[in-house]
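# Structural features, examined
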Amino acid sequence: MKTEIIGTTRKLAVLLGLFAAASAQAGDAAAQGYIMTVFSDLAHGEEILMGASGEAIAKLSRDKRSASKQLEDQINLCVAYAKTNQFDEAIAACDSAIDTSAKMARRIKRSGLYGRESVRMAATGRAIALTNRGVLHAIAGERERARELFETAVELRSNDSAAELNLTYLVNRTTFTKS
(Lines give C-alpha, C1' and ligand atoms only; values in the text may rest on other atoms or scores of the structure.)
Protein backbone atom coordinates (compact mmCIF):
# COMPACT_ATOMS: atom_id res chain seq x y z
CA MET A 1 0.00 0.00 0.00
CA LYS A 2 1.40 3.39 -0.91
CA THR A 3 0.28 6.80 0.15
CA GLU A 4 -0.74 9.79 -1.93
CA ILE A 5 -0.59 13.39 -0.77
CA ILE A 6 -3.05 15.93 -2.07
CA GLY A 7 -2.06 19.55 -1.80
CA THR A 8 -4.23 22.58 -1.44
CA THR A 9 -4.08 23.14 -5.19
CA ARG A 10 -5.80 19.78 -5.70
CA LYS A 11 -2.69 18.26 -7.21
CA LEU A 12 -1.48 14.89 -6.02
CA ALA A 13 2.14 14.04 -5.49
CA VAL A 14 3.46 10.60 -4.69
CA LEU A 15 4.96 10.14 -1.26
CA LEU A 16 7.61 7.55 -2.00
CA GLY A 17 7.98 4.50 0.17
CA LEU A 18 5.65 2.10 1.85
CA PHE A 19 2.84 3.21 4.06
CA ALA A 20 4.96 2.59 7.15
CA ALA A 21 7.50 5.02 5.74
CA ALA A 22 4.76 7.62 5.41
CA SER A 23 4.10 7.30 9.13
CA ALA A 24 7.74 7.89 9.85
CA GLN A 25 7.63 11.05 7.76
CA ALA A 26 4.58 12.41 9.54
CA GLY A 27 6.04 15.88 9.94
CA ASP A 28 6.86 16.17 6.25
CA ALA A 29 3.52 14.78 5.13
CA ALA A 30 1.53 17.08 7.39
CA ALA A 31 3.33 20.09 5.96
CA GLN A 32 2.70 19.05 2.36
CA GLY A 33 -1.01 18.29 2.22
CA TYR A 34 -3.71 15.73 2.73
CA ILE A 35 -2.91 12.05 2.40
CA MET A 36 -4.94 9.60 0.32
CA THR A 37 -4.18 5.90 0.41
CA VAL A 38 -4.12 3.62 -2.60
CA PHE A 39 -3.56 -0.15 -2.68
CA SER A 40 -0.43 -0.29 -4.81
CA ASP A 41 -0.36 -4.06 -5.18
CA LEU A 42 -4.06 -4.47 -6.06
CA ALA A 43 -6.72 -2.98 -8.32
CA HIS A 44 -4.37 -1.22 -10.75
CA GLY A 45 -2.78 0.72 -7.89
CA GLU A 46 0.66 0.71 -9.46
CA GLU A 47 -0.77 2.39 -12.57
CA ILE A 48 -2.33 5.09 -10.41
CA LEU A 49 0.97 5.71 -8.66
CA MET A 50 2.85 5.83 -11.97
CA GLY A 51 0.56 8.57 -13.30
CA ALA A 52 -1.66 6.41 -15.50
CA SER A 53 -4.83 7.21 -13.58
CA GLY A 54 -6.93 7.43 -16.75
CA GLU A 55 -5.96 3.91 -17.73
CA ALA A 56 -6.67 2.65 -14.23
CA ILE A 57 -10.07 4.35 -14.28
CA ALA A 58 -10.94 2.68 -17.59
CA LYS A 59 -9.95 -0.75 -16.26
CA LEU A 60 -11.60 -0.31 -12.86
CA SER A 61 -14.77 1.08 -14.44
CA ARG A 62 -14.91 -1.90 -16.77
CA ASP A 63 -14.41 -4.19 -13.77
CA LYS A 64 -17.14 -2.28 -11.93
CA ARG A 65 -19.61 -2.96 -14.74
CA SER A 66 -18.85 -6.66 -14.36
CA ALA A 67 -20.19 -6.47 -10.79
CA SER A 68 -16.84 -6.08 -8.99
CA LYS A 69 -17.59 -4.93 -5.48
CA GLN A 70 -14.08 -5.24 -4.08
CA LEU A 71 -13.15 -2.61 -1.53
CA GLU A 72 -9.70 -2.20 -3.05
CA ASP A 73 -11.22 -1.44 -6.46
CA GLN A 74 -13.47 1.24 -5.00
CA ILE A 75 -10.71 2.85 -2.93
CA ASN A 76 -8.29 2.94 -5.86
CA LEU A 77 -10.98 4.24 -8.19
CA CYS A 78 -11.66 7.07 -5.73
CA VAL A 79 -7.98 8.06 -5.73
CA ALA A 80 -7.66 7.73 -9.51
CA TYR A 81 -10.65 10.01 -10.05
CA ALA A 82 -9.25 12.51 -7.53
CA LYS A 83 -5.91 12.53 -9.37
CA THR A 84 -7.71 13.40 -12.60
CA ASN A 85 -9.82 16.12 -10.93
CA GLN A 86 -13.06 14.18 -11.49
CA PHE A 87 -14.32 14.93 -8.00
CA ASP A 88 -17.98 13.92 -8.43
CA GLU A 89 -16.86 10.48 -9.57
CA ALA A 90 -14.26 10.33 -6.78
CA ILE A 91 -16.95 11.09 -4.22
CA ALA A 92 -19.21 8.35 -5.60
CA ALA A 93 -16.36 5.82 -5.51
CA CYS A 94 -15.37 6.81 -1.97
CA ASP A 95 -18.97 6.60 -0.77
CA SER A 96 -19.24 3.15 -2.33
CA ALA A 97 -16.02 2.11 -0.56
CA ILE A 98 -17.38 3.34 2.77
CA ASP A 99 -20.60 1.34 2.28
CA THR A 100 -18.67 -1.78 1.27
CA SER A 101 -16.28 -1.46 4.21
CA ALA A 102 -19.20 -1.11 6.66
CA LYS A 103 -20.84 -4.24 5.23
CA MET A 104 -17.56 -6.15 5.48
CA ALA A 105 -17.07 -5.10 9.10
CA ARG A 106 -20.61 -6.15 10.04
CA ARG A 107 -20.23 -9.49 8.27
CA ILE A 108 -16.94 -10.24 10.02
CA LYS A 109 -18.30 -9.22 13.40
CA ARG A 110 -21.48 -11.31 13.00
CA SER A 111 -19.79 -14.44 11.77
CA GLY A 112 -17.43 -14.94 14.70
CA LEU A 113 -15.35 -17.16 12.41
CA TYR A 114 -12.66 -14.60 11.79
CA GLY A 115 -9.84 -13.81 14.15
CA ARG A 116 -8.65 -10.47 15.45
CA GLU A 117 -6.47 -9.94 12.39
CA SER A 118 -9.49 -10.08 10.08
CA VAL A 119 -11.31 -7.57 12.25
CA ARG A 120 -8.23 -5.31 12.19
CA MET A 121 -7.94 -5.61 8.41
CA ALA A 122 -11.61 -4.68 8.04
CA ALA A 123 -11.05 -1.68 10.33
CA THR A 124 -8.07 -0.64 8.23
CA GLY A 125 -10.10 -0.83 5.01
CA ARG A 126 -12.87 1.23 6.59
CA ALA A 127 -10.38 3.78 7.94
CA ILE A 128 -8.82 4.17 4.50
CA ALA A 129 -12.22 4.66 2.85
CA LEU A 130 -13.29 7.20 5.48
CA THR A 131 -9.99 9.04 5.30
CA ASN A 132 -9.98 9.29 1.51
CA ARG A 133 -13.56 10.60 1.62
CA GLY A 134 -12.55 13.06 4.33
CA VAL A 135 -9.85 14.43 2.04
CA LEU A 136 -12.45 15.10 -0.63
CA HIS A 137 -14.58 16.97 1.91
CA ALA A 138 -11.53 18.95 3.05
CA ILE A 139 -10.56 20.12 -0.42
CA ALA A 140 -14.19 21.06 -1.07
CA GLY A 141 -14.00 23.35 1.96
CA GLU A 142 -16.26 21.14 4.10
CA ARG A 143 -13.86 21.12 7.03
CA GLU A 144 -16.28 20.00 9.73
CA ARG A 145 -17.42 16.95 7.76
CA ALA A 146 -13.78 16.15 6.94
CA ARG A 147 -12.91 16.39 10.64
CA GLU A 148 -15.75 14.01 11.55
CA LEU A 149 -14.57 11.40 9.04
CA PHE A 150 -10.92 11.71 10.09
CA GLU A 151 -11.90 11.36 13.77
CA THR A 152 -14.06 8.32 13.02
CA ALA A 153 -11.16 6.72 11.13
CA VAL A 154 -8.78 7.42 14.03
CA GLU A 155 -11.25 5.83 16.48
CA LEU A 156 -11.12 2.59 14.47
CA ARG A 157 -7.54 2.08 15.72
CA SER A 158 -6.52 0.56 12.42
CA ASN A 159 -3.08 0.12 10.91
CA ASP A 160 -3.63 3.29 8.89
CA SER A 161 -2.10 6.53 10.19
CA ALA A 162 -3.29 8.76 7.33
CA ALA A 163 -6.39 9.81 9.29
CA GLU A 164 -4.29 11.20 12.14
CA LEU A 165 -1.99 13.02 9.75
CA ASN A 166 -4.93 14.47 7.82
CA LEU A 167 -6.67 15.54 11.02
CA THR A 168 -3.51 17.30 12.18
CA TYR A 169 -3.14 19.01 8.81
CA LEU A 170 -6.80 20.08 8.82
CA VAL A 171 -6.57 21.50 12.35
CA ASN A 172 -3.32 23.31 11.57
CA ARG A 173 -4.78 24.82 8.38
CA THR A 174 -7.90 25.92 10.26
CA THR A 175 -5.78 27.45 13.02
CA PHE A 176 -3.59 29.35 10.56
CA THR A 177 -6.58 30.45 8.48
CA LYS A 178 -8.29 32.00 11.52
CA SER A 179 -5.21 33.91 12.65
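First, a word on what this report is: a plain description of the structure on this page. (Residues numbered from 1 in each chain as written. Predicted model: local features only at pLDDT ≥ 70, side-chain atom pairs only at ≥ 80, totals over all residues. Heavy atoms only, no water.)

### Things to note about the overall build of the protein
Assigned secondary structure in the protein consists of nine helices and three strands. Beginning at the N terminus, the succession of helices and strands in the protein can be written as β-β-α-α-β-α-α-α-α-α-α-α. In the protein, buried positions account for 46% of the 179 residues. Excluding contacts between residues fewer than 6 apart, the proportion of contacts in the protein whose partners are at least 24 apart in sequence is 67%. (Helix = DSSP H or I, 4+ residues; strand = E, 2+ residues; numbered from the N terminus. Buried < 20%, exposed > 50% of the residue type's maximum accessible area, 1.4 Å probe, protein only. Contact = heavy atoms within 4.5 Å.)

### So, the packing of helix α5 (residues 71-83) against helix α6 (residues 87-111)
Across the interface, α5 lies against α6 with an axial gap of 8 Å and an inter-helix angle of 160 degrees. Considered as vectors, α5 and α6 are oriented roughly antiparallel to each other. α6 is crossed by α5, and the crossing has left-handed handedness. Counting all contacts with α5, which are made through L71, Q74, I75, L77, C78, Y81 and A82, the residues of α6 involved are F87, E89, A90, A93, C94, S96, A97, T100, S101 and M104. Residue composition of the contact of α5 with α6, grouped by class: 12 nonpolar, four polar and one charged. (Axes fitted to C-alpha atoms, helices over the stretch in contact; angles between N-to-C directions. Parallel < 35°, antiparallel > 145°, perpendicular 65-115°, else oblique. Left-handed = near helix turned anticlockwise from the far one by under 90°. Nonpolar A, V, L, I, M, F, W, Y, C, P; charged D, E, K, R; others polar.)

### Quick word on unusual backbone geometry
With a phi close to 60 degrees, N85 is a non-glycine residue in the positive phi region. Relative to the elements of secondary structure, N85 occurs in the loop between α5 and α6.

### A look at the side chain of R133
Mapped onto the secondary structure, R133 falls in helix α7 (residues 116-139). Once residues lying within four places of it in the same chain are set aside, the contact partners of R133 are I91, C94, D95, I98 and L149.

### Section: the nonpolar core
Of all hydrophobic cores here, the largest spans 27 residues; its most connected members are Y34, M36, L136 and F150. Listing elements by their share of this core, those giving two or more residues are β3 (34-38), α3 (45-49), α4 (53-65), α5, α6, α7, α8 (143-155) and α9 (162-178). The leading source of residues in this core is α5, at six residues. By size, the runner-up hydrophobic cluster in this structure holds 12 residues, among which are L71, A127, A153 and A163. (Core = buried A, V, L, I, M, F, W, Y, C linked by side-chain atoms within 4.5 Å.)

### Focus: the packing of aromatic side chains
Taken as a whole, this structure holds two aromatic pairs when the rule is applied. Ring plane angle 85 degrees and centroid distance 4.7 Å describe the contact between Y34 and Y169, whose orientation is recorded as edge-to-face. Note that Y34 is positioned in strand β3 and Y169 in helix α9, a separation of 135 residues in sequence. Residue classification places Y34 among the buried residues on the basis of a relative accessible area of 2%. Owing to a relative accessible area of 8%, Y169 belongs among the buried residues under this scheme. Joined through ring pairs, the aromatic side chains of Y34, F150 and Y169 make up one cluster. (Phe/Tyr/Trp six-rings, centres within 6.5 Å; stacked < 30°, edge-to-face > 60°.)

### Focus on the pattern of salt bridges
Enumeration according to the criterion identifies four salt bridges in this entry. Of the charged contacts, one joins R147 and E151 as a salt bridge, the two residues approaching to 3.6 Å between their closest N and O atoms. Note that R147 and E151 are positioned in helix α8 at a spacing of four residues, about one turn of the helix. Residue R147 is classed as partly exposed on the basis of its relative accessible area, which comes to 26%. (Salt bridge = Lys/Arg side-chain N within 4 Å of Asp/Glu carboxyl O.)

### Thoughts on α8
Between its first and last C-alpha atoms α8 spans 18 Å; for 13 residues at 1.5 Å apiece the expected length is 18 Å, and the two agree. Note on α8: the residue one or two positions beyond its end, R157, has a positive phi of about 50 degrees. (Expected span 1.5 Å × (residues − 1).)

### Some points on the state of the cysteines
Scanning the model with the defined rule gives one disulfide in all. The disulfide partner of C78 is C94, and the gap between their sulfur atoms is 1.9 Å. Residues C78 and C94 share a disulfide whose torsion about the S-S bond is about -50 degrees; that sign makes it left-handed. One end of the pair, C78, is in helix α5; the other, C94, is in helix α6, with 16 residues separating them in the sequence. (Disulfide = S-S within 2.5 Å.)

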